[in-house]
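What follows is each chain in one-letter form.
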Amino acid sequence: MKGNRVKATDPGAMQIGEIATRTGLSLRTIRYYEEIGLVVPTGRTSGGFRIYTEGDIERLLVVKAVKPLELGLDETRAMLEVRDRLHGQPRPTIADDEARLMIEYLSTAQERLRRLRANLKDAEEAVRLLARDVDALRR
């Protein structure tokens, strides 16, 4: 856990409601991501309320972005750990197996994105056909 490095009165400190608004995630989802260890608030108020920073928002947005790519929980967690090291120091030390893992995740993500695009194209065609049928009903 990160500890209480940030206070509620610190500039840039935000509570969970603002984070939900900024990320488009529900309070429940944010709490769930915390529960399973994908995100940890930077701190807590003396009353126990979660305090988040811009870095926490970025992490939540990464989790949100990879969700449609159907990475498993362990895959997502491992990817986040490598990203933390990669972005956490001026000259990060990333092991070869971690670099290969990230390359594998990228390849998997690209393939899943290709499939999502194909599914989207099919869904758009279904909407077009249904709209045409509804238009015919209205005549």
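The structure we're discussing is the one just above.
Let me begin by describing the structure that accompanies this report. (Residues numbered from 1 in each chain as written. Predicted model: local features only at pLDDT ≥ 70, side-chain atom pairs only at ≥ 80, totals over all residues. Heavy atoms only, no water.)

Side note on the nonpolar core
Now for step 1: In this structure, Ile-19, Ile-30, Tyr-33, Leu-38, Leu-60, Met-79 and Leu-80 are the most contacted members of the largest nonpolar core, which totals 21 residues.
Now for step 2: For Leu-60, the residues in contact, after removing those within four places along its chain, are Ile-19, Thr-23, Leu-25, Ile-30, Tyr-33 and Val-39. (Core = buried A, V, L, I, M, F, W, Y, C linked by side-chain atoms within 4.5 Å. Buried < 20%, exposed > 50% of the residue type's maximum accessible area, 1.4 Å probe, protein only. Contact = heavy atoms within 4.5 Å.)

Description of the packing of aromatic side chains
Now for step 1: The full count for this structure, using the stated rule, is one aromatic pair.
Now for step 2: Ring geometry for Tyr-32 against Tyr-33: centres 6.2 Å apart, planes inclined by 45°, an arrangement best described as tilted.
Now for step 3: Tyr-32 sits in the partly exposed class, given a relative accessible area of 42%. (Phe/Tyr/Trp six-rings, centres within 6.5 Å; stacked < 30°, edge-to-face > 60°.)

Details of the layout of surface pockets
Now for step 1: Taken as a whole, the second largest pocket encloses approximately 150 Å³ of empty space.
Now for step 2: Surrounding the second largest pocket, Tyr-32, Tyr-33, Ile-36, Leu-38, Val-63, Val-66, Lys-67, Glu-70, Leu-71, Gly-72, Leu-73 and Thr-76 form its lining.
Now for step 3: Mapped by element, the contributors of at least two residues to the lining of the second largest pocket are helix 2 (27-35), helix 3 (54-66) and helix 4 (73-88).
Now for step 4: The residue makeup of the lining of the second largest pocket, split by class, is eight nonpolar, two polar and two charged. (1 Å grid on protein atoms, 1.4 Å probe; cavity = no way out; pocket = protein on both sides within 12 Å on 5 of 7 lines; lining within 4 Å. Points joined across faces, edges and corners; volume = space filled by probe spheres on them. Helix = DSSP H or I, 4+ residues; strand = E, 2+ residues; numbered from the N terminus. Nonpolar A, V, L, I, M, F, W, Y, C, P; charged D, E, K, R; others polar.)

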